[in-house]
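Listed here are the chains, written in short residue letters.
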Amino acid sequence: MIRVLVWCEHHQDQFQDNVKETYPEFMHNAIANFLREDRNLDVKTATLYDDENCGITDEVLANTDVIIWWGHVRHHDVPDEIAAKVQKFVINGGGFVPLHSAHFCKPFIRLMGTTCGLGVDGFGKHTINCVRPGHPITKGVPELFELPVEERFVEFYDVPQPDELIYVTGYETGRTFRSGCAYYRGRGKVFYFQPGHETNPTYRDKNIQQVIKNAVYWVAPNRD
């Protein structure tokens, strides 16, 4: 079993009507639910305000292989010491999958060593292109697929050059974004995946779900 912790700040999906309409079960549960369809994954959830130490304790981390992280407007409420715990977790061999606006979460910034800033260009159709066919993260996913509407993140994306660039997203505007970036950090792995704005039902999309499932397997520590 791969032990997965789905972490979410759990703010907008409580208090913002259009987010509650999109994810009435809350965003962390929406992600956890499709992961639980895989019987090889033991999935738990944690949130910023509802759990002790933001849900990131030494005991939790000792029983976790992979952290999936969704955050947006409350990055600053995550204490620095919690971010340091997550960074250490990855360096020591854990897997980390930050989603969408988690490019600005403290653990990811610490792991990247850059601002992780990017451009935003409204909303529109996403054409997601696989640029690393055959990579485990792409298993069972078309080499080209679309989302009818999502938030457009655009370059320049201030992260280190990915160790493995898996996906690049193109837009009708002609702009592009490195939307699937894989990194090795210490003994651990990181995969940043861009789709997942809170007002769009992106985590209902089967291709998005498959990419995230594949990412969990790829970043998980090898315990053989």
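Here, the structure is the one placed above.
So, here is what we can say about the structure in this document.

1. Considerations on the sheet that holds strand 1 (residues 2-8)
Line of reasoning, step 1. Pairing is mixed across the open sheet formed by nine strands, whose spatial order is 2-1-3-4-9-8-7-5-6. In the strand order of this sheet, the two ends are held by strand 2 (41-47) and strand 6 (144-154), each with one partner. For this sheet the average axis-to-axis angle between neighbouring strands, irrespective of direction, equals 25 degrees.
Line of reasoning, step 2. When strand 5 (residues 119-130) meets strand 6, the two strands line up antiparallel, connected through eight bridges.

2. What to know about a negative patch on the surface
Line of reasoning, step 1. The grouping of Asp-50, Asp-51, Glu-52 and Glu-59 at the surface amounts to a negative patch.
Line of reasoning, step 2. Take Asp-50: it is sitting in the loop between strand 2 and helix 4 (58-62).

3. Observations concerning the pairing of strand 5
Line of reasoning, step 1. Inspection of the sheet shows strand 5 paired to strand 7 (residues 164-170) by four bridges, in the antiparallel sense. Note that in strand 7 the partner of Thr-127 across the bridge is Gly-170.

4. What about the pattern of salt bridges?
Line of reasoning, step 1. In total, this model carries 13 salt bridges according to the counting rule given.
Line of reasoning, step 2. Here Arg-74 makes a salt bridge to Asp-77, at a shortest N to O gap of 3.6 Å.
Line of reasoning, step 3. The partly exposed category is assigned to Arg-74, whose relative accessible area is 23%.
Line of reasoning, step 4. Linking Lys-125 and Glu-146 is a salt bridge whose minimum nitrogen-to-oxygen distance equals 3.7 Å. With Lys-125 in strand 5 and Glu-146 in strand 6, this pair connects stretches of sequence that are 21 residues apart.

Analysis parameters
Residues numbered from 1 in each chain as written. Predicted model: local features only at pLDDT ≥ 70, side-chain atom pairs only at ≥ 80, totals over all residues. Heavy atoms only, no water. Pairing = 2+ DSSP bridges. Helix = DSSP H or I, 4+ residues; strand = E, 2+ residues; numbered from the N terminus. Axes fitted to C-alpha atoms, helices over the stretch in contact; angles between N-to-C directions. Patch = residues over 30% accessible without salt bridge, like charges linked within 9 Å, V, L, I, M, F, W, Y side chains within 5 Å. Areas by Shrake-Rupley, 256 points an atom, 1.4 Å probe, with all protein chains shown as cover. Salt bridge = Lys/Arg side-chain N within 4 Å of Asp/Glu carboxyl O. Lys, Arg positive; Asp, Glu negative; His and termini not counted. Charge placed at Lys NZ, Arg CZ, Asp CG, Glu CD. Buried < 20%, exposed > 50% of the residue type's maximum accessible area, 1.4 Å probe, protein only.

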